[in-house]
Amino acid sequence: MRFVMITVSRVFCCVFLVAALFACSDSSDRPDPASPEVPEPPEPEPELRAEIVWTEYGIPHITARDWAGLGYGYGYAYAQLNFCVVMKEYVRAAGESAFHLGAEGDLERDLIYQLFNSDERIQRLIEEEIPGYVVSLAEGYTRGLNRYLRETGVDGLPEGEEGCRGAGWVREVDVFDVIRRLHKAVLRASADPLADFTVAAAPSRQTARAPRPADYESLLAAIDRETFQARLDLPRAEEAGSNAYAVGADASQSSAGVLLGNPHFPWQGDLRWFMSKLTIPGEYEVMGATLAGLPLNTIGFNQNVAWTHTVSTGQRFTLYELVLNPDNPLEYLYDGEYREITTETVSAPVPNADGSRGEVEHTFYFSHYGPIVDLRSIDSLVGGWPSLNGTVFSYRDANIENLRGLEQWLKMGQASDLQAFTAELAALGIPWVNTIAADRYGDAFYGDISANPHVTRTQFDNCVRGFLQTVITNLGILTMDGSDSDCEWGSDEGAPPGLFGYDNLPKLFTREYAANANDSYWLANPRHLLEGFSPIIGAERVEQNLRPRAAFVQAEQRLAGSDGLGAPGFNVDNIRELLFGARNYTAELVLEDLVSLCLAVDDWSDYTEQSPELVAQACQVLSRWDSRFSVDSVGAHIFYEFWLSFAGVDDKWAVPFDVTDPVNTPRDLHVNNPEVVEAARAALADAVLRLDTAGIPMDRPWGEVQFSERNGERIGVHGGSGAFMFSAIYSPLVAGEGYSNIVTGNSYMQAVSWDESDCPDAYAVLSYSQSSNPESPHYADSARLYSQGEWIDMPYCEMDREAQEVRRETIEE
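On a predicted model such as this, the values are computed, not experimentally measured, just so you know.

What should I look at first to understand helix α10 (residues 225-232) in this one?
For an α-helix, 3.6 residues make a turn, and residues three or four places apart therefore share a direction. A side-chain oxygen of the first residue of α10 lies 3.3 Å from the backbone nitrogen of Glu226; this N-cap is Asp224. Where α10 terminates, the next one or two residues include Asp233, which has phi positive at roughly 65 degrees.

Written out as structure tokens, the structure reads:
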């Protein structure tokens, strides 16, 4: 009873107290029923956010707080100018081109990418090989692309040669697409050009090899190297070459370094460059350019360092000749025992007759080195399974699953000086290019720090055995004995398996200058020749090609101040003139003698029946030509066609190659050799005939002969074939027009130096402009700038960016 009474009393008191409080309170203190007593929760932060500021010539400046946001903004900006280019490349990298792209499709490469870019393989690589922040960057990039697609719609996409409006193959993409595209790019010098031969490999139903012809070895020896290389479809300098200078303080007119980057990449498709600036405040700030589908700049500069790349001479794979079991073509000999050849089957989509989706299955064959290949389509003497030698070939690829590059390029972009920059090269993620760099503090660098197979000179000398291996090696592809474990690739401590490490690769640190124009590492500076490296990386003590020699002649004249460009030494202005001056070094070597030989002919009918008077006119034009391929140069096209016919003539040089003077030898036309004289005159007559047949007058300015047509506007293009000059442009002769179908050549060009300010003193230009869309204002604007010999003053710092700002946008989701 007591317990109950106490409880009731307490309840009564509490009720009374509450009532009293309400009674005494002023109603004016009560909250307004219209205002919530608890404030609204704040809006959730967007998962992705990026600011995009567009400056002149269509350059986006993307700023974000994290890697995902940076990729998001970059993907969205890139898509606005080139969505169809990247989408088409993702289709190819996924191995779906035959089904989706019609005549542009390539079933053999589709099968290769179904093999090497399978979902299972890419998933494993993402989980095991790629850091999380890099995956975030790639994921953000795809979400930016997808945002653009959702906003634009398939029917609103660009038209034109590289358009995809209404295309059935357009879709939203994911991070797998980015990684597949990167993997496809790194295999460009190995598994990709070997696709046809890999797909062709299949064991014969007859295990016995066919009888060898009696003259088998002499027939092998007669295989033409150029034909072999062309059919192998490895990247050639005229398809993806480059020039570069890195200048240190001792060769600079200031204490700062100077860099010129000049890639020669295709003007169409997935190897088009795209300029941008990418910033995460306090963490990453790089301006430069990259290729379609990659979410970061692979060439460029930051506040203190600038870098570029040139295609290296290194071989990215080796062939192995395997001795087959005569009783079983699916077994090969290795260290005295037979091993089994394994298989993997994939399928690729193809169109059925009614247009529906079908599938083609294919089985690939593997040794422990890698895929089996059949070289029969190059020459039956080296192909077959079994070959005439009772063997088959397999290859090992240095770049299979090499996805280290994305992180490496990001870290290179974060470097504060050249020492920190070169430390990042040790990851060996760069697949098939040299690196050339300079910094604010006057240091310069060249190195072939890329994925080079660890094949020593001893192996090169001792593992190439037998006539067939020797022939193929002499044709340019190292081929070793696959039956001996002594011929396996080695490894260096700290390097990925099978590769030469950073310390054992050619490199030059200098305070003077270093250069490369796609010849061997051997000549990076004429006073500091690099020697003692494996032949698989490049050749030493051999004659250099004309374009690399032009690069060094220009540099040496600049050091001496003998080129008409002012006081000795480099600065950011005169280094640009070395490119846009469009000197033809080969003409400087031979033109005077050629004109003398030409003018000495009284009657050209001995050399041509169709146009003797035109050859005489061509002689007069050449005598007045300025030896340049500038847009207003008259006579350049005559020399261009002449050299096409004459370049292969034997004994054409009066002064032979001298290993102690690789820059200046060989030289001088061999005018005392009657055969060379006659060959020169005949080559000139052939050149005039080709031009006349094509309807090209002898006295037409170069800019009217070589041009890029943009929406009906003909834009003159300076530069010429990299076979004979520094400033490279490649185009076939088109009847009735000229060199109007430019395939590749000068593309993204940058010149960078530094002064006392925090901002790099940087200039760049994109020869074909930022956008592949004919309706874009950036389809031809930079092309016109290039034609006029002008550059974009690159707005790296905020003040400069504001001065060039065209518009800005903020995107988030």
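Where do I start with the nonpolar core in this structure?
Buried together is how nonpolar side chains tend to be arranged in soluble globular proteins. Phe639, Phe642, Tyr748 and Met794 are the most contacted members of the largest nonpolar core, which totals 261 residues. Among the elements that line this core, the one with the most residues is helix α2 (residues 67-93), at 17 residues.

Even after reading the chapter, I still don't get the packing of aromatic side chains, so can you show me in this structure?
The geometry of two aromatic rings is summed up by the distance between their centres and the angle between their planes. Within the structure shown, the criterion is met by 39 aromatic pairs. Taking the centre distance of 5.6 Å and the plane angle of 65 degrees together, the rings of Trp267 and Tyr768 count as edge-to-face. Highlighted residues: Trp267 in the loop between β4 (258-266) and β5 (273-280) and Tyr768 in the loop between β28 (761-766) and α23 (781-787), separated in sequence by 501 residues. A relative accessible area of 2% means that Trp267 is categorised as buried. Using a relative accessible area of 0% as the deciding quantity, one classes Tyr768 as buried. The interplanar angle of 75 degrees and the centroid separation of 6.4 Å between the aromatic rings of Tyr334 and Tyr369 together place this pair among those described as edge-to-face. Remark: Tyr369 occurs in the loop between β13 (357-366) and β14 (372-373) and Tyr334 occurs in strand β10 (residues 328-334); sequence separation between them is 35 residues. There is no split in this pair, since Tyr334 and Tyr369 are both buried. Aromatic ring contacts, followed pair by pair, group Trp625, Phe629, Phe639, Tyr640, Phe642, Trp643, Phe646, Trp653, Trp702, Phe724 and Tyr739 into a single cluster. The residue whose ring lies beneath Arg357 is Phe99, and the NZ or CZ to ring-centre distance is 5.4 Å.

I tried to follow the pairing of strand β11 (residues 337-340) on my own but got confused; where do I start?
Taken residue by residue, a regular strand's side chains alternate between the two faces of the sheet. In the sheet, β10 pairs with β11 via four bridges, with the strands oriented antiparallel. Residue Tyr334 lies in a different strand from β11, and its bridge partner there is Glu337. In this antiparallel pair of consecutive strands, β10 and β11, the connection spans two residues, and Asp335 shows a positive phi of 50 degrees.

Can you walk me through the state of the cysteines in this structure?
Covalent bonding between the sulfur atoms of two cysteines defines a disulfide. Enumeration according to the criterion identifies four disulfides in this entry. Through a disulfide, Cys463 is tied to Cys487; the S-S separation comes to 2.2 Å. Residues Cys463 and Cys487 are joined through a disulfide that is left-handed, its torsion about the S-S bond being -95 degrees. Here Cys487 lies in the loop between β18 (479-481) and β19 (507-510) and Cys463 lies in the loop between α14 (457-462) and α15 (466-474), a separation of 24 residues in the sequence.

I'm lost on the sheet that holds β19 in this one. Help?
Strand pairs in the sheet, formed through backbone hydrogen bonds, run parallel or antiparallel to each other. Pairing in this open sheet of 10 strands is mixed, and the strands run β19-β17-β16-β8-β7-β6-β5-β2-β1-β30 from one edge to the other. Of all strands in the sheet, those with a lone pairing partner are β19 and β30 (805-812), marking the two edges. Neighbour to neighbour, the strand axes of the sheet diverge by 20 degrees on average, direction disregarded. Examined bridge by bridge, strand β17 (residues 444-447) and β19 share four bridges and lie antiparallel to one another. Across the sheet, the residue bridging to Gly447 is Lys507, located in β19. Docked against the sheet, helix α12 (residues 405-413) engages β6 (284-291) and β8 (305-311), running at close to 145 degrees with respect to β8.

Calculation rules
Residues numbered from 1 in each chain as written. Predicted model: local features only at pLDDT ≥ 70, side-chain atom pairs only at ≥ 80, totals over all residues. Heavy atoms only, no water. Polar contact = N/O pair within 3.5 Å; in protein donor to acceptor, adjacent residues only side chain to side chain. Helix = DSSP H or I, 4+ residues; strand = E, 2+ residues; numbered from the N terminus. Core = buried A, V, L, I, M, F, W, Y, C linked by side-chain atoms within 4.5 Å. Buried < 20%, exposed > 50% of the residue type's maximum accessible area, 1.4 Å probe, protein only. Phe/Tyr/Trp six-rings, centres within 6.5 Å; stacked < 30°, edge-to-face > 60°. Lys NZ or Arg CZ within 6 Å of the ring centre and 35° of its normal. Pairing = 2+ DSSP bridges. Disulfide = S-S within 2.5 Å. Axes fitted to C-alpha atoms, helices over the stretch in contact; angles between N-to-C directions. Contact = heavy atoms within 4.5 Å.

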